[in-house]
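Given next are the chains, with one letter for each unit.
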Amino acid sequence: MTMTPIVVTGMGIVSPLGCGVDTVWQRLLEGRSGVGRIDRFDTSDFPVKIAGSVPSKEQDAQAGFDVDAVISPKERKKVDLFTLYALAAAEEALTQANWFPSSEADRRATATVIATGNGGLPTITNAQSILERKGVKRLSPFIVPAFLANLAGGNISIRYGFKGPIGCPVTACAAGLQAIGDGMRMLRSGEAEVALVGGTEGCIDPLSLGSFHAMKALSTRNEEPEQASRPFDQERDGFVMGEGAGLMVIETLDHALARGAKPLAVLSGYGTSADAYHISAGPPDGSGAAAAVEAAMRMANVTPEDIGYVNAHATSTPVGDKAEIAGLRNVFGGLLPKVPVSSTKSATGHLLGGAGGIESIFSVLALCHGQLPPTLNLNQQDQDMSDLDLVPNHARPKSLEHVLCNGFGFGGVNASVVFSRLPRG
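None of the values given here were measured: they were computed from a predicted structure.

About the thresholds
- Residues numbered from 1 in each chain as written.
- Predicted model: local features only at pLDDT ≥ 70, side-chain atom pairs only at ≥ 80, totals over all residues.
- Heavy atoms only, no water.
- Buried < 20%, exposed > 50% of the residue type's maximum accessible area, 1.4 Å probe, protein only.
- Helix = DSSP H or I, 4+ residues; strand = E, 2+ residues; numbered from the N terminus.
- Pairing = 2+ DSSP bridges.
- Disulfide = S-S within 2.5 Å.
- Expected span 1.5 Å × (residues − 1).
- Polar contact = N/O pair within 3.5 Å; in protein donor to acceptor, adjacent residues only side chain to side chain.
- Contact = heavy atoms within 4.5 Å.

## Details of the pairing of strand S15 (residues 413-420)
Where burial is concerned, most of S15 is hidden: eight out of the eight residues are buried. Relative to S15, strand S9 (residues 265-274) runs antiparallel, the two being bridged by eight bridges. Note that in S15 the partner of Gly-269 across the bridge is Val-418. Where strand S14 (residues 402-409) and S15 come together, eight bridges link them in antiparallel fashion. Bridged to Val-403 within S15 is Phe-419. In this structure, the hairpin formed by S14 and S15 is closed by a connection of three residues, where Gly-411 is found at a positive phi of approximately 90°.

Structure, rendered in structure tokens:
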């Protein structure tokens, strides 16, 4: 098993703040929100009318999503939105990494691990509608390959000819981080030399929206969309659904240097655990989350004193935010008030299975640029968190050596990663 450092060499984002890593990062630091009213379907009868939707090119000339640049109209009928977002993010990440292998050996050495929480849910709900209105004979033969969760990775593998290991964690909101961890393991074991990893989601859909509302999980602050996602704030009333994709290219440092690639950061640690507690809520003491954090730090060979920033999972639900902070207190103890913790979901909403992908990229960017992204809409911190530095409302500079990123999902799944600055010299 190789222990050479694993490095990030490319990153790609499709998000409610737009498309493209540089633009999205700048908008995040400026305190912009990607949350707005849903315009894809009629929400007249829905109690929730807001989401973090990816803007189209027509809505955002600078950084909107251009579907025609991703796929032809003919092929568009064969894929779901979560796959389109993944294809766009993959192109940006692979371009930055300059990894378009042509030899059979390099193709077989490239892994593809793309997570999702829901897969092609819009395809499923649309197919059910067609079945009810028009009958079974009107169903498309592309429905199944469009909605299957592993088809984002499958389509990317086919497009670029990647023939190494392929995978698709479907572990709810921890999926994106688990994809990164799975890719890291493949590099460590020698199964692959390069891996394209991360998460994608495209589930702003009537069934998804209605179902999460039925769980009382979503914010209903419809008249103030940009203020609806407010992690850690006393007035938070649920999360805001988001969509998009965040993918990164990871490889061993030796491999990157040998081919002349520019390493951006070290992926130094990964940990995952199970709560074994409840289907949709973690234990109040955050013990399961703490176990994942401790495992990631152990692999990275860092201590709580070394972590300079935490990109929290914090979705803006009262129960979830408190449990995560409890878990961090378990790990950091009295040090926690000195460690900046923020939730970028305040700007993007919660991308479910795609969250870990873009939040890992935000964590790497914080490390590279020495900037802490803010927690928006944090006007009155929860009383249980009044002693903490939650980076309210405004970004600020800070030199960083190691950062932690968390992701926790339904079913009691926890995942954490640690990114570290490249060794100097």
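## Side note on the state of the cysteines
For the structure on display, the rule yields zero disulfides. Cys-19 takes part in no disulfide bond, and the closest cysteine sulfur, belonging to Cys-203, lies 16 Å away. Cys-19 gets classed as buried once you look at its relative accessible area, which sits at 18%. Cys-368 forms no disulfide, and the closest cysteine sulfur to it belongs to Cys-405, at a distance of 14 Å.

## Section: the pairing of strand S8 (residues 244-252)
For S8, a buried count of nine out of nine residues is recorded, marking the element as mostly surrounded by other parts of the structure. Note: strand S1 (residues 6-15) against S8, eight bridges, orientation antiparallel. Bridge pairing in S8 links Val-8 to Ile-250. Relative to S8, strand S7 (residues 194-201) runs antiparallel, the two sharing eight bridges. Bridge pairing in S8 places Glu-201 opposite Gly-244.

## Quick word on helix H4 (residues 81-97)
A rise of 1.5 Å per residue sets the reference length of H4, with its 17 residues, at 24 Å; its end C-alpha atoms lie 24 Å apart and thus fit the reference within 8%. Of all the 17 residues making up H4, 13 are buried; the element is thus mostly covered by neighbouring parts of the structure. A positive backbone phi angle near 55° is found at Asn-98, which sits one or two residues after H4.

## What about the side chain of Asp-233?
Relative to the helices and strands, Asp-233 is located in the loop between helix H10 (206-214) and S8. Using a relative accessible area of 1% as the deciding quantity, one classes Asp-233 as buried. Polar side-chain contacts of Asp-233 include one of 2.8 Å to the backbone nitrogen of Asn-379. Excluding its chain neighbours within four sequence positions, the residues that come into contact with Asp-233 are Asn-377, Leu-378, Asn-379, Gln-380 and Asp-382.

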